[in-house]
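# Overview (structure and organization)
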Amino acid sequence: MHASRGTQKRSAGLGLALLSAFAFGGSGVAAKPLIEAGLDPLHVVWLRVAGAALIMLPVAWRHRNLVRERPALLAGFGLFAVAGVQACYFAAISRIPVGVALLVEYLAPALVLGWVRFVQRRPVTRAAALGVVLAVGGLACVVEVWAGLSFDALGLLLALGAACCQVGYFVLSDHGGKEGKGREGREGKGGDGGSVEPPPPLGVIAYGLIVGALVLTVVARPWGMDWSLLGGTAGMNGTGVPAWVLLGWIVLIATVLAYGTGVVSVRKLSPQVAGVVACLEAVIATVLAWVLLGEHLSAPQLIGGFVVLTGAFIAQSSAPKPPSGPVAAGAGAAAAAAESELSAGRASH
């Protein structure tokens with residue numbers, strides 16, 4: 001019975017992770033026509049996050065107790081998982097090729113494995129490690145990193161900063177998903193370990209978007225944006241599309257739906273497995289750009305996409321072993337404290 005429930009939970013988590021990857025992967029296809037129409041990339045990011053934050057305001061009000069109960073978690077999610085990833089990524093691509101920035105950013109799954117192994121002191125399965133190696137290698141082919149490499153030190157550091165912030169997305173999404181269970185696996189306050197209820201994912205996302213919008217307002221300075229561009233059209237492979245339709249897709253699908261399904265999938269799977277599945281975003285973005293923007297795939301990109309898919313499948317086929325024994329229990333407590341300190345995600349391409 002427990003095995004069946006575990007399988008169903010992981011299947012549901014994998015489906016949500018794939019849906020999140022599709023939603024995130026489609027953001028670039030909608031954003032590129034807006035940028036080519038004259039909007040600054042950072043202004044597009046601000047519109048995306050601020051619009052999603054407005055939509056999520058009712059959810060934030062419903063979970064307003066989180067401001068008092070989990071202020072550090074909300075601040076960390078907004079700073080790292082929302083504003084940090086996007087600001088670092090767009091700053092990086094202003095100095096180095098997009099493919100290089102994307103590849104460095106998607107080192108995040110490998111960094112998640114390092115977090116689990118060396119900070120939480122939990123064993124990592126060989127399948128997950130192999131999946132990361134395959135996914136990163138395949139991703140190098142998808143973005144054709146050899147097409148233009150620039151060793152701009154600051155640009156590479158910014159891309160690495162986006163990767164670290166994306167680690168924060170997966171770790172903070174997982175934060176609280178297991179803290180509501182006692183040592184016997186019981187949820188709520190009745191557990192043996194004096195546990196508490198995990199924070200509601202949608203509430204964390206809502207406040208994360210609000211914090212991210214405030215931070216990005218300072219960075220993007222939207223008061224200098226040409227708002228009239230939103231009333232016009234943007235070209236998508238020779239076809240004029242209303243700018244507000246593209247913006248609506250970015251806000252509703254690529255942000256609200258993407259973050260919602262992404263956080264829930266992390267809790268049903270694990271940070272490192274969900275991180276590897278998220279590598280499919282690059283494949284999905286490339287395929288959508290091929291179909292909708294006329295950006296054709298080369299043979300190396302097709303091969304790389306297959307390798308990424310293979311790596312994601314291998315990684316999700318085996319979840320990491322849970323902590324056990326006095327040493328692991330101590331590591332779990334340390335990890336919870338470290339996750340809180342992170343507060344003291346996500347790529348938008």
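Note: the structure precedes this text.
The present account deals with the structure reproduced in this document. (Residues numbered from 1 in each chain as written. Predicted model: local features only at pLDDT ≥ 70, side-chain atom pairs only at ≥ 80, totals over all residues. Heavy atoms only, no water.)

So, on to the nonpolar core. Among the nonpolar cores identified, the biggest contains 80 residues, and Leu 34, Phe 77 and Leu 209 are the most heavily contacted of them. With 10 residues, helix α6 (residues 71-93) is the largest single contributor of residues to this core. By size, the runner-up hydrophobic cluster in this structure holds 6 residues, among which are Val 112, Trp 115, Val 167 and Val 171. (Core = buried A, V, L, I, M, F, W, Y, C linked by side-chain atoms within 4.5 Å. Buried < 20%, exposed > 50% of the residue type's maximum accessible area, 1.4 Å probe, protein only. Helix = DSSP H or I, 4+ residues; strand = E, 2+ residues; numbered from the N terminus.)

Right, let's talk about the packing of aromatic side chains for a bit. Aromatic ring pairs are defined here through the distance separating the ring centres and the angle between the ring planes. This model, assessed by the stated rule, comprises 3 aromatic pairs. Arranged with centres 6.1 Å apart and planes meeting at 85 degrees, the rings of Trp 46 and Trp 227 form a pair that is edge-to-face. Of this pair, Trp 46 sits in helix α3 (residues 41-55) while Trp 227 sits in the loop between α11 (201-220) and β1 (233-236), and the two are 181 residues apart along the sequence. When its relative accessible area of 15% is taken as the criterion, Trp 46 is described as buried. Through a chain of ring-to-ring contacts, three or more aromatic side chains come together here, namely Phe 24, Phe 77 and Tyr 259. (Phe/Tyr/Trp six-rings, centres within 6.5 Å; stacked < 30°, edge-to-face > 60°.)

In this section: α6. With 23 residues, α6 should cover 33 Å at 1.5 Å per step; its first-to-last C-alpha distance of 32 Å lies within 8% of that length. If you look at α6, its biggest bend is around 45 degrees, right at Gly 84. (Expected span 1.5 Å × (residues − 1). Bend = angle between axes of the 7 residues up to and from the residue.)

The subject of this paragraph is the environment of Val 49. Along the chain, the position of Val 49 falls in helix α3. Using a relative accessible area of 1% as the deciding quantity, one classes Val 49 as buried.

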